[in-house]
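# Understanding the architecture of this molecule
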Amino acid sequence: MKLSAGTESVDSLMEWQKGFAKRFTDGLPRHRTRMWPKKEADIVAAGSIYWVIKGLIQCRQRVLRMEEHIADDGIRHCLLVLDPEIVRTTTSPRRPFQGWRYLSPDDAPRDLPKGRAAEDPLPPELAGALAEIGVI
């Protein structure tokens, strides 16, 4: 799980990633993080990053690989190379947090069925309230 800081919606995450991905020759989106994930092998084998947007997990992306990046200040970072497909999930409220949070498969929100993924999303406040009481 990772906070998508400054993102207003799944659509705005998609747009931001399209622009950012153009910086790389393979055209794949990336997410930079200061800490290298401790569970690298598990994540690359079958993991996804679940994006928390406006206090709710709303989508996920498959992690394809990890790359080392040395910033201008000489500090080592990890670039998560992501599948460009963003999969919408059932919403799941999350309190603010910093850094990584690992989800067990049982705790991960389910993917939305293909037909529902194209529906207009509920406003985040409504989706959060409904998820909190177990309706969605």
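The sections below set out a description of the structure shown in this document. Please read all numbers here as calculations on a predicted model, not as lab measurements. (Residues numbered from 1 in each chain as written. Predicted model: local features only at pLDDT ≥ 70, side-chain atom pairs only at ≥ 80, totals over all residues. Heavy atoms only, no water.)

## Looking at helix 1 (residues 10–21)
The terminal C-alpha atoms of helix 1 lie 16 Å apart, and with 12 residues this matches the ideal 16 Å at 1.5 Å per residue to within 8%. The set of residues buried in helix 1 consists of Val10, Leu13, Gln17, Phe20 and Ala21. Seen end-on, helix 1 carries its buried residues on one side only, within an arc spanning 90°. Those residues of helix 1 that are exposed and angled more than 90 degrees off the buried face are Glu15 and Lys18. For helix 1, the elements touching its buried residues are strand 2 (30–33), strand 3 (48–53), strand 4 (56–70), strand 5 (76–82) and strand 6 (87–93). (Helix = DSSP H or I, 4+ residues; strand = E, 2+ residues; numbered from the N terminus. Expected span 1.5 Å × (residues − 1). Buried < 20%, exposed > 50% of the residue type's maximum accessible area, 1.4 Å probe, protein only. Arc of directions from axis to C-beta. Contact = heavy atoms within 4.5 Å.)

## Quick notes on the pairing of strand 3
The buried count for strand 3 comes to five of six residues, which makes it a mostly enclosed element. Strand direction decides the pairing type here: strand 1 (residues 2–3) and strand 3, joined by two bridges, are parallel. Note that in strand 3 the partner of Lys2 across the bridge is Trp51. Note that strand 3 and strand 4 share six bridges and pair antiparallel. Considered in strand 4, the bridge of Val52 is made with Ile57. Connecting strand 3 to the next strand, strand 4, in antiparallel fashion are two residues, including Lys54 with a positive phi near 55°. (Pairing = 2+ DSSP bridges.)

## Observations concerning the side chain of Arg60
Here Arg60 is to be found in strand 4. At 2.9 Å, the side chain of Arg60 and the side chain of Ser48 are in polar contact. Within the structure, Arg60 has its side chain in polar contact with the side chain of Asp111 (distance 2.8 Å). Ignoring anything within four residues of it in the chain, the contact list for Arg60 reads Ser48, Ile49, Tyr50, Glu85, Ile86, Val87, Thr89 and Asp111. (Polar contact = N/O pair within 3.5 Å; in protein donor to acceptor, adjacent residues only side chain to side chain.)

## Quick notes on the pattern of salt bridges
If charged atoms from side chains of opposite charge come close, those side chains can pair. Scanning the model with the defined rule gives 10 salt bridges in all. Residues Asp26 and Arg65 are paired through a salt bridge, measuring 2.8 Å at the closest nitrogen-oxygen approach. Here Arg65 lies in strand 4 and Asp26 lies in the loop between helix 1 and strand 2, a separation of 39 residues in the sequence. In this structure Asp26 comes out as partly exposed when scored by relative accessible area, which is 33%. By relative accessible area, Arg65 is classed as partly exposed at 32%. Of the charged contacts in the structure, one is a salt bridge between Lys114 and Glu85, with a shortest N-O distance of 3.8 Å. In this pair, Lys114 is assigned in helix 3 (residues 114–117) and Glu85 in the loop between strand 5 and strand 6, connecting sequence segments 29 residues apart. Connected through shared salt-bridge partners, Asp26, Arg30, Arg65 and Glu67 make up one network. (Salt bridge = Lys/Arg side-chain N within 4 Å of Asp/Glu carboxyl O.)

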